[in-house]
Structure formats: C-alpha cells, structure tokens
Amino acid sequence: MIDVTIEALVEAAIRAELIDEQDRIYSRNRVLATLHKLDMDVPASVPSMAIPDALEKLVAYAIEQELIEPILEEKDRFMAEVMNVFVSKPSEVTHRFNELRATDVTAATSFFYKMSQASNYIQTRRIANNITYQAPTRYGTLDITINLSKPEKDPREIALARTQPTPTSNYPKGLLAIENEGYGGHLKHPARANHRVIPLTLGGQPWSFQYSPYLYYNEHSILLSNEVRDMVIDRGAFERLLDFITQFPHYFAGSNADLPIVGGSILTHDHYQAGRYRFAMDDARVVSTYRSERYDQVEIETLYWPLSVVRLRSRQKEQLVMLANQLLGYWRDYEDESSEVIPYTDGVPHNTVTPIARRRDGRYELDLVLRNNRTSDAHPDGIFHPHADVHHIKRENIGLIEVMGLAVLPARLKRELEQVVRYVAGEDVEVEAMHEEWADTLRKKSGDPKTIVDQAVVDKFVKGLEDAGVFKQTETGQERFDVFVRSLLSHVDKVEYGTPRSGMREKTN
C-alpha cells in the first residue's frame, strides 16, 4: 500500500536526521503532492524501511500511475524531487556545516557526508553494485573497482533523448557548475533537486565543495570553481590545493592534469577531487632524496611508483608552492628525447603534472606526477598512456584516482571476466576475442581460477600505470629521472624566482 510506503519514508528521514518530528506532517503532504495524491490513510504503524527501498516503491507507483516514464533519467528525476522534500535549503545546510566546523572540522564533513548519503544524492544502493577488491603488487596493495554503479541507458531512453530539444541557454553551464544545486534535470542533464554544495574560499577565490554521487573511495568529494573556466595547473592551483588541506587537514586534495589524454574527463571546468582515504601511493617508498639551497625548508624525494613522482614536503607552504611552481615551469619546457619526452609539437604543449596534496605529521606534502600526452604511430592513444597490450582491460585515461593506485575499470569486464574465470577453471566456454591470448596464458597456471584472474587484472593495471610513467622504473629510466631532478635543482638555485618560462634570470652577484 503506497500510504504505508510514504509514511515509512518519512519515518526513515526522521531516523536519518534529515528532518525533525515536527516536520512529519509537512513532509508527508509534500510527498503526496509529488505523487499527485489528494489524501491518504495514515497508518498507525509502519515497517522499518531504508530510504532507497521506499524510493523504489514510490517509483513503481509513479510509473503505474503514468506520472513518469519507466526510464532511468525519469526515475532519477522523480526520486530527487521526492528527496528534496527532506533536504534543508542550501543556506541552512551551509549554516549547520559552518557551525560544526567552528569547533570540529571533521564533524562538519561527517554531517555533510551523512546528509548527502541519506538524501540519496550519493547513490549508495548503486555504488554497492561495484565490484571492488585489493591485491598485492611490487608497488604495494592496489585497489580495483569495476564500475557498475551507473546503469547504462536503455534504448527507449536513448531514442527519447534524441527527440528532446537541446536547451539553448547553456544553463546549467556544465555538470559541475554551481547552477546544478536544486536543478530539476532532464533527459540530457542529470537531476539535482536533492543536491547541495558548501561555499568555500580557496586561494582568495569562491569555490564550492560537494560529494561525488558515484564515489569511488571514502568521502570522495569534488571541489569546483564557481567560475566556469578550463582546468589549469599553475601556481594558483598549488595554492588552492594547499589552502584546502589547511582548512580540512583530514582530507587529501588533488587535480587531474590539464591536458587531453593525461587529464580527466572534464577539462572545461576547473575542479579538484578530495576525500578521506589512504591510497597505495601515499605509502610508496622513497628512492632518492634531494635538497635545494634556495628552498632549504623543503624535502625533495622521488618515489618507487609506476609513474614518475616528485614529492615535496615542508612545514612552510610558501616555499612548497614556489618550488612546485618552479618544477612545473621547468618540466613544461623539459626535453629528453632518449625518454621520448618532447615538450611541444608546433607550439602545442605536452608536459604537465598531476598534483596531489595532503597533510602528514604536521607537514604539507605535495606530490607532482610528471605527465606527457604525446602520441606516435606506434602508440596513437598516447606514448605515456596504457599501451595496446592492456587495452582489453584498461584503455581509458589514467586520471588522478588511478595515478594514486585505484583502478576504475569499465562495466563490460564483469561479464567478460566471469567468462575468463570459467575458462581458466577448464570449462568449455568462449571468451571475448580480445581476452583469448591472455586467458590461454592464465589457464596454464595452477590455483583458484578467480584468484588467478583477479591478480592478473591488477597486473594489467600496473602495466598500464607503468606505461604512463615518463621515466620508467628501470635502471636507465631512474638515471634519466635523476638527471631531470638534478638539472631542475641546479636551475632553481641559479635563478631568481619568476613566472614559469618567463621572468627567470640568472643570479647576479
């Protein structure tokens, strides 16, 4: 009976502290209005029901009453509108967040995270569908996720979307724009009625803080510029990342690179990712240490990691930012043909960095991962990108999350790897052509078939990360990496500070 479901949802919202008991009648009536119902029989008691379960029952009712079409985007829009009944207005959410933050910043983020889950903005039920596991490698224990959290669009939805007019006002200005807060959504833009953001100031600029609806790790959050502008890695980016972890020392913050191939999926909006999670990269062992005369308060290290990482560590933010900016400017122009590192082709830049900031033992850490997005005839998808031999497992960009050691793999692998496991177990089953040679190799190994396949997937991910490293973890590769760092520090200690690629001049005594 739908009346029971409505009251069970209201009860669940009270338990989740989205609303108070005083809000019961108001919330019940707003849900009724959403369902176009004029009355209900208020049940004397209701079964305990999780919010996602109640929403699914309401969706079924809305479809039965022909209030919505039975397609994903319509279901999502409807659920967001229902949950918006229970979510406080943005100003009220921000007031509570800042009230908690004044005495305990961890309590503030815990409040916002819990609210974002309870409101069904974070898709906890769908995220639970992801296949996740960890496996050992020579670089530490890496994380694997096969992303099943976002259902694929069905043919009816795709066909209907094609008939919908494309909005001409460019509103909202993108998936990350602040105009998404409370936006109803349509077939070409996700529903955000139950979405809330927290205003922040980073580096003196207005930014916003939100959680990812399809999070890949604990408290996976997004920091976005209120101004819609292209992503850029520069001194300002380093300052904002360090500013964020100053304000939220229990979180890390990092950015995708700002060039295609090595960058993230949304390069048209300046944004970072943050969260409360310890990645394998955090614990990567140190290979070499260096010192700079000019930046004597900064520890400089290179790491044993599949990609080429320079770690800067200091208690002093200013020196950290200045040295990071010097490194970025020097790397932008750096050339090492023996390592296939060429900085420009016809004036188009290839070199950039993926920066990651964290606090540890009272000090700031800034990891700068060297990236290059050049392509070649041999590697048309990218010289420093997963190569063709791993494309059957991972062909997509190596972005920030994967740089740190968490693989996000495509949904197709669920079915395909199940076939491979059965094949390795000796069953007479066909596997996808792209997996045949790999599966034949795995079939020769002894042991539990699923364990063998799981480990082999991790090994392929590691190979993809190694492909993305500009200086390989080989004797020659590390020698070239050492040449880069030493030449950088020699340059840094000989020049007065200025803007990368300009404004640098030799010291005069």
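Placed above this text is the structure.
Here's what I pulled together on the structure shown here. (Residues numbered from 1 in each chain as written. Predicted model: local features only at pLDDT ≥ 70, side-chain atom pairs only at ≥ 80, totals over all residues. Heavy atoms only, no water.)

### Examining the overall build of the protein
Counting its regular elements, the protein contains 15 helices and 17 strands. Taking 2.2 N^0.38 as the reference for a compact globule, 509 residues should give roughly 23 Å; the C-alpha atoms of the protein span a radius of gyration of 25 Å, in line with that estimate. The C-alpha extent of the protein, read off along each of the three principal axes, is 85 × 65 × 45 Å. Nonlocal contacts in the protein, meaning residues at least 24 apart in sequence, comprise 63% of its contacts between residues at least 6 apart. Put simply, the protein shows about 22,800 Å² of open surface, and 48% of that area lies on carbon and sulfur atoms. (Helix = DSSP H or I, 4+ residues; strand = E, 2+ residues; numbered from the N terminus. Rg over C-alpha atoms; globule rule 2.2 N^0.38 Å. Contact = heavy atoms within 4.5 Å. Areas by Shrake-Rupley, 256 points an atom, 1.4 Å probe, with all protein chains shown as cover.)

### Focus: the nonpolar core
F86, F209, L223 and F244 are the most contacted members of the largest nonpolar core, which totals 95 residues. What F209 contacts, discounting residues up to four positions off in sequence, is F97, T109, F112, V197, I198, L200, S221, I222, L223, F244 and Y251. (Core = buried A, V, L, I, M, F, W, Y, C linked by side-chain atoms within 4.5 Å. Buried < 20%, exposed > 50% of the residue type's maximum accessible area, 1.4 Å probe, protein only.)

### Observations concerning the layout of surface pockets
By rolling a water-sized probe across the atoms, one finds the places where empty space is left. Roughly 690 Å³ of volume is contained in the second largest pocket. Lining of the second largest pocket is provided by 28 residues; of these, L18, F86, V87, S88 and K89 occupy positions nearest its centre. Of all elements in the fold, only helix 2 (24-34), helix 4 (72-84), helix 5 (90-101) and helix 6 (105-118) reach the threshold of two or more residues within the lining of the second largest pocket. Looking at side-chain class alone, the lining of the second largest pocket contains 12 nonpolar, five polar and 11 charged residues. (1 Å grid on protein atoms, 1.4 Å probe; cavity = no way out; pocket = protein on both sides within 12 Å on 5 of 7 lines; lining within 4 Å. Points joined across faces, edges and corners; volume = space filled by probe spheres on them. Nonpolar A, V, L, I, M, F, W, Y, C, P; charged D, E, K, R; others polar.)

### Details of the sheet that holds strand 7 (residues 271-275)
Spatial ordering of the open sheet is given by 3-4-5-7-6-13-14-10-9-8, a layout of 10 strands whose pairing is antiparallel. The outermost strands of the open sheet, each flanked by one partner alone, are strand 3 (198-202) and strand 8 (286-290). Pairwise comparison of adjacent strand axes, ignoring direction, gives a mean angle of 25 degrees for this sheet. In this structure, strand 10 (residues 309-314) lies alongside strand 14 (residues 363-372), joined through six bridges in antiparallel fashion. By the bridge assignment for strand 14, R313 is matched with E365. Across the sheet, helix 5 lies against strand 3 and strand 4 (205-211), angled at about 55 degrees from strand 3, the strand it touches most. Relative to the sheet, helix 10 (residues 317-332) contacts strand 9 (299-303), strand 10, strand 13 (351-360) and strand 14, its axis offset from that of strand 14 by approximately 5 degrees. (Pairing = 2+ DSSP bridges. Axes fitted to C-alpha atoms, helices over the stretch in contact; angles between N-to-C directions.)

### Considering helix 6
Taking 1.5 Å per residue as the helical rise, helix 6 with its 14 residues ought to reach 20 Å, and the 20 Å between its terminal C-alpha atoms agrees with that figure. Where helix 6 is concerned, the buried positions are V105, A108, T109, F112, Y113, M115, S116 and A118. Of the surrounding secondary structure, the elements contacted by the buried residues of helix 6 are helix 3 (51-64), helix 4, helix 5, strand 3, strand 4 and helix 9 (235-247). The opening residue of helix 6, the one whose side-chain oxygen lies 3.1 Å from the backbone nitrogen of T106, is D104. With its phi angle positive at about 70 degrees, N120 sits one or two positions after the end of helix 6. (Expected span 1.5 Å × (residues − 1). Polar contact = N/O pair within 3.5 Å; in protein donor to acceptor, adjacent residues only side chain to side chain.)

### Some words on the pattern of salt bridges
Scanning the entire structure with this criterion turns up 43 salt bridges. Notably, a salt bridge pairs R358 with D367, separated by 3.0 Å at the nearest N-O pair. Overall, the relative accessible area of 5% leaves R358 in the buried class. For D367, a relative accessible area of 0% gives the class buried. Taken together, the salt bridges that share partners define one network made up of R278, D282, D283, E299, E301, R311, R313, R358, R360, R363, E365 and D367. (Salt bridge = Lys/Arg side-chain N within 4 Å of Asp/Glu carboxyl O.)

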